[in-house]
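# Observations on the model geometry
Letter by letter, the chains look like this.
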Amino acid sequence: MTIYDKIERTLQQLGVSDARGVESLFAELQKTAEQERAELVSRGAPDQPQRDRLCKALRDRWLARKGGVLSRVDENWLKPAGKELKPVVGRQFNDLRRWTASLEFEKLAEALPLQEAPVKQVELPLTTGAGRAVPRDLTLPGLRRPLGSVHPVTRMQREIEDIFLRLGFWIESGPEIESTYYNFDALNIPESHPSRDDWDTFYIDAKTVLRTHTSPVQIRAMEKYGAPLYIIIPGKCYRHDNPDATHYPMFHQIEGLAIDKDITFADLKGTLDFFAKMLFGEKVRTRFQPSFFPFTEPSGEVAVSCFVCDGQGCRVCKESGWIELMGCGMVHPQVLRYGGIDPDKYSGWAFGLGVDRFAMVKHDINDIQLFFQGDVRFLEQF
Ligand SMILES: [Zn+2]
């Protein structure tokens, strides 16, 4: 007769009539509880849901209000016990109840080792010394760690860089926290210019801003290298814009700058036309329209014929047949002077384009915010 059969009978039915018999019954019960607990703990559980299930099962077998071992003992041994046995049964029962507190769910769960999740298995060699010995199946297949991919904006930036690297330009960079001198003054942007307003620019203090464009690096590069100079300048810029489908307070620009003797607007047009064809295909045409920037004179806006509809009009080009690419122009003589270059000996051209916008056009993405929200479902597509 197992102890589980015994708890379904009264002491009288079991023929137990003295303290010794009661104590030996309870000892058998406690030994069974100890064994069951030890067995569970030594076996461990593969994962948390399994562990919870195992712990709950053991807990319920012993402590459930209805049908648990303790409740059966109370029902069949304690309650019907005669006057002379009742005190000893009661005492033993209390001892057992105290001991079986270790079968409460939380206590079991705490004691029960998990055969760690796959990610942790990798760390095992470092922790076996201190950790518990848990049997492990070394024949299980290895871990698959998904590789990330290059962010669409970074990819666009690299594509553009590659084209200019082939033309003999090199890549220059500069600080994102910039002085108002480099960000505005040296680029011929007057004190009164609206872009200096703190509605447009993030000021750190009166003389320090988060750069609003990559153009300050033009001046820094002129100071550093002098002329001739052929560089492109990719990087992050910041403006006080509320995020919407076409604006974000942080965005990416690429600046181009060529300074040499006898550089003319024809060089600018030829270079940017070549660039557009390399990026969007041999068939595209470029269009230059006059514009104004404080740091170039003359200044222009460059558009490319739509590479989707070939200029017929479609959703990508908003039915216009043209896609605006960038601003450009001949470097203002005053800007050359700020950079320490003699405008009587040298001339140059410059352009600035938005990398995020290029990536949007190229991949037909209608909201710039998607780039920076870190949603893997979006980023996985590239
Ligand atoms: Zn189109």
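Everything below is about the structure shown above.
Each chain carries its own residue numbering, running from 1 in the written order of its sequence. Side-chain atom pairs in this predicted model are given and counted only at pLDDT of 80 or more, local residue features only at pLDDT of at least 70, and totals for whole chains, interfaces and linings cover all residues. Just so you know, side-chain values use all the structure's heavy atoms and leave hydrogens and water out.

### A word on the sheet that holds strand β1 (residues 170–171)
The condition that has to hold: At least two bridges found by DSSP between two strands is the condition for calling them paired. In this description a helix means any DSSP run of H or I spanning at least four residues, a strand means any run of E spanning at least two, and both kinds are numbered starting from the N terminus. Whether two residues touch is decided by their heavy atoms; if any such pair falls within 4.5 Å, the residues are in contact. Only the stretch in contact is used when fitting a helix axis, every axis being a line fitted to C-alpha atoms; angles between N-to-C directions are given from 0 to 180 degrees.
A sheet is described by the order of its strands in space; here seven strands give the open sequence β1-β5-β6-β10-β9-β8-β7, paired in mixed fashion. Pairing within the sheet leaves two strands with one partner each, and these edge strands are β1 and β7 (286–293). Of the pairings in the sheet, the one linking β7 to strand β8 (residues 296–305) comprises seven bridges and is antiparallel in character. Bridging across to β8, Arg287 finds its partner in Ala303. Of the strands in this sheet, β1, β5 (229–238), β6 (250–260) and β10 (347–354) are in contact with helix α10 (residues 152–166), which crosses β5 at around 170 degrees. Taken strand by strand, helix α15 (residues 355–363) contacts β6, β9 (322–331) and β10, and its axis lies near 55 degrees from that of β10.

### A closer look at unusual backbone geometry
Going by this rule: Working definition: with a 1.4 Å probe on protein chains only, accessible area under 20% of the residue-type maximum means buried, over 50% means exposed, and in between means partly exposed.
With an omega of -5 degrees, the peptide bond running from Ala227 to Pro228 counts as cis. Checked against the element boundaries, Pro228 lands in the loop between α12 (216–225) and β5. For the peptide bond that leads from Glu297 to Pro298, omega is -5 degrees, which places it in the cis range. By the element assignment, Pro298 lies in strand β8. A positive phi angle is found at Asp262, which is not glycine, with a value near 60 degrees. Here Asp262 shows up in the loop between β6 and α13 (265–280). Judged by relative accessible area, which is 68%, Asp262 ranks as exposed.

Functional significance is not addressed by these values, which are geometric in nature.
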